[in-house]
Amino acid sequence: MSAHRIEKRFIGLALLVMAISSACAVQVVESGEDESLGTTEEAVTASMSRGEIIALGASGVGYSYWWGHGRWDPASKSHPGKCSGSCGGCSHWASPKGGPEYGADCSGFVAQAWQVPGEGSPKVDRHPYSTYNFRYEKTHWYPIKKSDLEAGDALVYNSGKKGHIVLFESWTGGGKAMAYECAGCKVGCIHKPRGFGSSYIAIRRKGVEDAAKNDPPKGQLEKASCDGGLRGWAFDPDAGKGAVDVVLTFDGPITSPKAKKLTLKADEDRTDLAKKLGSSKHGFTAPIPATLKDGKKHTLYAYAVDDQGKQTQLLTGAPRSVTCGPAPSTKADDPPHACGHSECQTGGALTKDCSPCADQVCLIKPSCCDTQKGKWDASCVDLAGETVGACRGVCAGGPSSCAHSECDAGTALSASCSECAAHVCKRDPFCCSSGKWDFICAKEAKEDPWCSCGTP
Amino acid sequence: MPFHRRLETWGTRHAGAILAIALLMGCSKKEAAGGPRADTPPLISPVLEAGRGKGDGQLGQNIPEEGLPEGPKSFVVDAGGTLHVLDQENERIQKFAAGKLIGSVKIPARAFDDIELFGTSGYALLDVHSPAAIVFVGNDGHVESELPLDISDIPEPSSITALVAHDDGYWVELTDDYLVHVASSSGAAVATSVVPGQAFDGPNALKAEQSEAQRVALFRVALPGGDPSSLGEIAFSDRVARRTLLAGRKGGGALLGVVTEAQQSDPETPPVESASLIVIDASGHEKHRIALPHSTSVEDTFRSVKLGRDGSVYVMKLTEGAVSFAKVTP
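This section reports on the structure supplied with the text. The model shown is predicted, which means the values in this text are computed figures rather than measured ones.

About the criteria used
Residues numbered from 1 in each chain as written. Chains lettered and ligands numbered in written order. Predicted model: local features only at pLDDT ≥ 70, side-chain atom pairs only at ≥ 80, totals over all residues. Heavy atoms only, no water. Contact = heavy atoms within 4.5 Å. Buried area = accessible area lost by both parts, 1.4 Å probe. Salt bridge = Lys/Arg side-chain N within 4 Å of Asp/Glu carboxyl O. Polar contact = N/O pair within 3.5 Å; in protein donor to acceptor, adjacent residues only side chain to side chain. Helix = DSSP H or I, 4+ residues; strand = E, 2+ residues; numbered from the N terminus. Buried < 20%, exposed > 50% of the residue type's maximum accessible area, 1.4 Å probe, protein only. Core = buried A, V, L, I, M, F, W, Y, C linked by side-chain atoms within 4.5 Å. Pairing = 2+ DSSP bridges. Axes fitted to C-alpha atoms, helices over the stretch in contact; angles between N-to-C directions. Left-handed = near helix turned anticlockwise from the far one by under 90°. Nonpolar A, V, L, I, M, F, W, Y, C, P; charged D, E, K, R; others polar.

### A word on the interface of chain A and chain B
And step 1. At the junction of the two partners, chain A supplies 67 residues and chain B supplies 57 residues.
And step 2. At the boundary of chain A with chain B, total buried surface from both sides reaches about 5200 Å², with 49% on carbon and sulfur atoms.
And step 3. A per-residue breakdown of the area chain A buries against chain B is headed by Lys162, Lys186 and Lys192 of chain A, which together make up 12% of the total.
And step 4. A salt bridge links Lys223 of chain A to Asp227 of chain B, with the shortest nitrogen-to-oxygen separation between them at 3.4 Å.
And step 5. Put simply, chain A and chain B have 20 residue pairs in polar contact (both at pLDDT 80 or more) between them.
And step 6. Secondary-structure elements contributing two or more residues to the side of chain A that touches chain B are strand E5 (141–144), strand E7 (163–171), strand E8 (177–182), strand E9 (189–194), strand E11 (218–225), strand E17 (297–305) and strand E19 (320–323) of chain A.

Written out as structure tokens, the structure is:
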């Protein structure tokens, strides 16, 4: 950095010296490799998408804080490095020993995530800018209003003595922001919500397309009961009268890989919404999936999806814990249930003659019917949940007159043959109209909470 | 009589004390715009001012070369009014009573974010970093148990925004939005349940969410599993930057901490922030709006406003050189 690049007339030399000496204000260009880093004299900034910025920032999470540096391996976190002490008197070393030394401080991290001043591998160490540069210069970035922040923008402060910069991802419900940052020796590079003091300003990398203003969707989960099912509304101000999708997830939020997900359209006519939203077709209803009616506590999350499919917003009134009793068997031809409890619930051992399904399960695992020493444990329930033989449909969502299991490929099924088939065909009409229930239909059934195919 | 007039009258009688508080806390007497009339003047009193550092009675660190100065992340106040400060940077909890240090407890060297009381004299410490956990320690700091936060309802522990102690154990708040029950009062894992709110009020949960840039909407949810009912909205003259729903109050009201920011037309000029405590009555109407001391230091605290077990609200304020606490009796 040279003095002639400082455009602010009234920033004194002392401030400059302090900025250079601060932790995130250290300019280190320490490549050791031939890769060109570009030059700060050039104001040409390559285009980069917000997704690319966030992905690069996310790849740095878990690395150590390395004062005055910026390098990490986006493909592997096998050498996160180690920092101890208090920076600038802190120590940093490669960890595990013998491998490359990776880590970053706050400004090194953002420079790499933004790929400024030029494109380069994050594995190559560079620290071209300090927080002072990010705060007061406009070479490859420019200030924006905090209210205009979008994923991939940054928040920076520099007081002359100190500075910090983080990569903004999104606002949380409470006004904090989910951010990526190399926050210090003790915590390293992290991703978590944080607040911002008033000293922070927002900046945007040049070459990132300014997205049109996109208001978040909103809505409410008004009812969630075992008998009445789910009822609510969802609306996106950007979509106007257009209906938006609602995503329901069970036993985990939308980010949980274990959660089962289901998408509905919030397009039911609700005259009571017209006054509040300006149009009325934003309601949704759905039954509680039968697979959740097992007497156990389940969590239910509901999200509105914005019209561009990019943002999801947890509905007011969600998440909710629900505990619903076992789904009654509604097969008209079912014999009266003689078992002490449902085959779909754990409990005391059943007798093998109480139902054909119990008979089948106990043939495979006799302890499920050993009333002296055994019990009907989770493994017995799992066996009963299998959609083969006598147990087929017993623990599924409801009556089934389907020609074959929805969980297996075969001939096309009728949407009216089961609740599961109805849901699959609503999402994917091909399955009920093409003459073939193909492997994709079977896969969709395995992922659908209204179906009971066991673990996909 | 309008709130600010009463405050001025009260201030004239207590000019010395007001001046001392203002000097000590740097608190603004400016009432947030749109504030209601108050029945009685709120009482804000300083509790502690500590210097930064590692010495006894000091808190946090302030190393000029550090990328981030690190003050205490959080604190908790017990029923007797003793202040327990999570001085995680110095790996200890310091206890203060009547403005004086009365004890220090060494804790594990982890980047803890939040603290609650555990048992009769121990602590529950939240660490949202990998591996995320609640660590339960005794009154001498020894680890009694550790509860890993690897449950499907919390796929990203880093998005936890608070540790909340309740009659039935410990809950964590996710993304400033909702609560997940994770531990019993003894620190044992429990079957997960969730509540669509951020605080409890007897048999109800309360939820505050930003409905518009300058409005916060309040909801009440009867537990367990009730449906949300609107309590109304609180309006602000500036954009709501952050909000913390502290707790329900007897009779159905709530306490809401809010930081607003007045945006400047020039984006290079940082917005001007101010903090306030909103006292809300049982019908959702704003009863008092109290200007709170507000940090001027840039570091991020996990929780800077908390409801003490003695019923008062406590505020932590960080400046470049000091960490101070004030007590608000709404």
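### Some points on helix H2 (residues 50–59) of chain A
Note: α-helices contain 3.6 residues per turn, so residues at a spacing of three or four share the same orientation.
And step 1. Looking at H2 of chain A, one finds that the buried residues are Arg50, Ile53, Ile54, Leu56, Gly57 and Ser59 of chain A.
And step 2. Buried-residue contacts for H2 of chain A involve helix H3 (106–114), E7, E8 and strand E10 (201–205) of chain A.

### Side note on the nonpolar core
And step 1. Of all hydrophobic cores here, the largest spans 47 residues; its most connected members are Leu221 and Leu248 of chain A together with Leu126, Ile134, Val172 and Val182 of chain B.
And step 2. The residues contacting Leu221 of chain A, other than those within four sequence positions of it, are Leu230, Arg231, Gly232, Phe284, Leu300, Ala302, Leu315, Thr316, Gly317, Ala318 and Arg320 of chain A together with Pro228 of chain B.

### Re unusual backbone geometry
And step 1. The omega torsion across Ala318 of chain A and Pro319 of chain A is 0 degrees, close enough to zero to call that bond cis.
And step 2. If you trace the backbone, Pro319 of chain A turns up in the loop between strand E18 (312–314) and E19.
And step 3. Omega for the bond connecting Leu223 of chain B with Pro224 of chain B falls within 30 degrees of zero, at -5 degrees, which places this linkage in the cis form.
And step 4. Mapped onto the fold, Pro224 of chain B is located in the loop between strand E16 (215–222) and strand E17 (228–235).
And step 5. Positive phi values are uncommon outside glycine, yet Glu91 of chain B reaches one of about 55 degrees.
And step 6. Mapped onto the elements, Glu91 of chain B comes out in the loop between strand E3 (83–87) and strand E4 (92–97).
And step 7. Notably, Asp176 of chain B is not glycine yet its phi reads approximately 55 degrees, a positive angle.
And step 8. Within the secondary structure, Asp176 of chain B is located in the loop between strand E11 (169–174) and strand E12 (178–183).

### A short note on the sheet that holds E16 of chain B
Adjacent strands of a sheet form backbone hydrogen bonds with each other and so pair up, either parallel or antiparallel.
Residue and element names in this part refer to chain B.
And step 1. Overall, antiparallel pairing links the 4 strands, which are arranged E14-E15-E16-E17 in an open sheet. Each edge of the sheet is formed by a strand with only one pairing partner; in this case those strands are strand E14 (199–201) and E17. The average undirected angle you get between the axes of adjacent strands in this sheet is 30 degrees.
And step 2. Note that strand E15 (residues 204–212) and E16 share 8 bridges and pair antiparallel. Bridge pairing in E16 places Lys207 opposite Phe219.

### Some details on the packing of helix H8 (residues 419–427) of chain A against helix H10 (residues 439–447) of chain A
Residue and element names in this part refer to chain A.
And step 1. Interhelical geometry of H8 versus H10 gives an angle of 115 degrees and a closest axis separation of 10 Å. Between H8 and H10 the crossing geometry is right-handed. Residue-level contacts link Cys420, Val424 and Arg427 of H8 to Cys441, Glu444 and Ala445 of H10.
And step 2. Here the contact of H8 with H10 is composed, by residue class, of 4 nonpolar, no polar and 2 charged.

### Concerning the sheet that holds strand E6 (residues 114–118) of chain B
Residues and elements named next belong to chain B.
And step 1. Taken in spatial order, the 4 strands make up an open sheet running E6-E7-E8-E9, and their pairing is antiparallel. The open sheet terminates on both sides in strands that have one partner only, identified here as E6 and strand E9 (143–148). Sheet twist, expressed as the average angle between the axes of neighbouring strands with direction ignored, equals 20 degrees.
And step 2. Pairing of strand E8 (residues 133–137) with E9, which is carried by 5 bridges, proceeds in the antiparallel orientation. Each bridged residue has a counterpart across the sheet, and for Ile134 the counterpart in E9 is Leu147.

### Considering H8 of chain A
And step 1. For H8 of chain A, the set of buried residues is Cys420, Ala421, His423, Val424 and Cys425 of chain A.
And step 2. Here the buried face of H8 of chain A lies against helix H9 (430–433), strand E23 (436–437) and H10 of chain A.

### Concerning the pairing of strand E16 (residues 281–286) of chain A
Residue and element names in this part refer to chain A.
And step 1. Bridging between strand E12 (residues 229–235) and E16 involves 4 bridges; their strand directions are antiparallel. Across the sheet, the residue bridging to Gly232 is Phe284, located in E16.
And step 2. As defined by bridge partners, strand E15 (residues 268–269) adjoins E16 across 2 bridges and the pair is classed as antiparallel. Across the sheet, residue Asp269 finds its bridge partner in E16, namely Lys281.

### Quick notes on the pattern of salt bridges
And step 1. Evaluation of the coordinates by the stated rule reveals 28 salt bridges over all chains.
And step 2. With its nearest N and O atoms 2.9 Å apart, the salt bridge here joins Asp153 of chain A to Arg204 of chain A. You can see Asp153 of chain A sitting in the loop between E5 and strand E6 (154–158) and its partner Arg204 of chain A sitting in strand E10, a full 51 residues away along the chain. We note that Asp153 of chain A, like Arg204 of chain A, is buried.
And step 3. The salt bridge involving Glu116 of chain B is made with Lys306 of chain B; its shortest N-O contact spans 3.8 Å. Here the residue Glu116 of chain B occupies a position in strand E6, and Lys306 of chain B occupies one in strand E22 (residues 305–307), the gap between them amounting to 190 residues.
And step 4. For Lys306 of chain B, a relative accessible area of 8% corresponds to the buried category.
And step 5. What emerges from the salt-bridge pattern is a single network uniting Glu222, Arg231, Arg270 and Asp272 of chain A.

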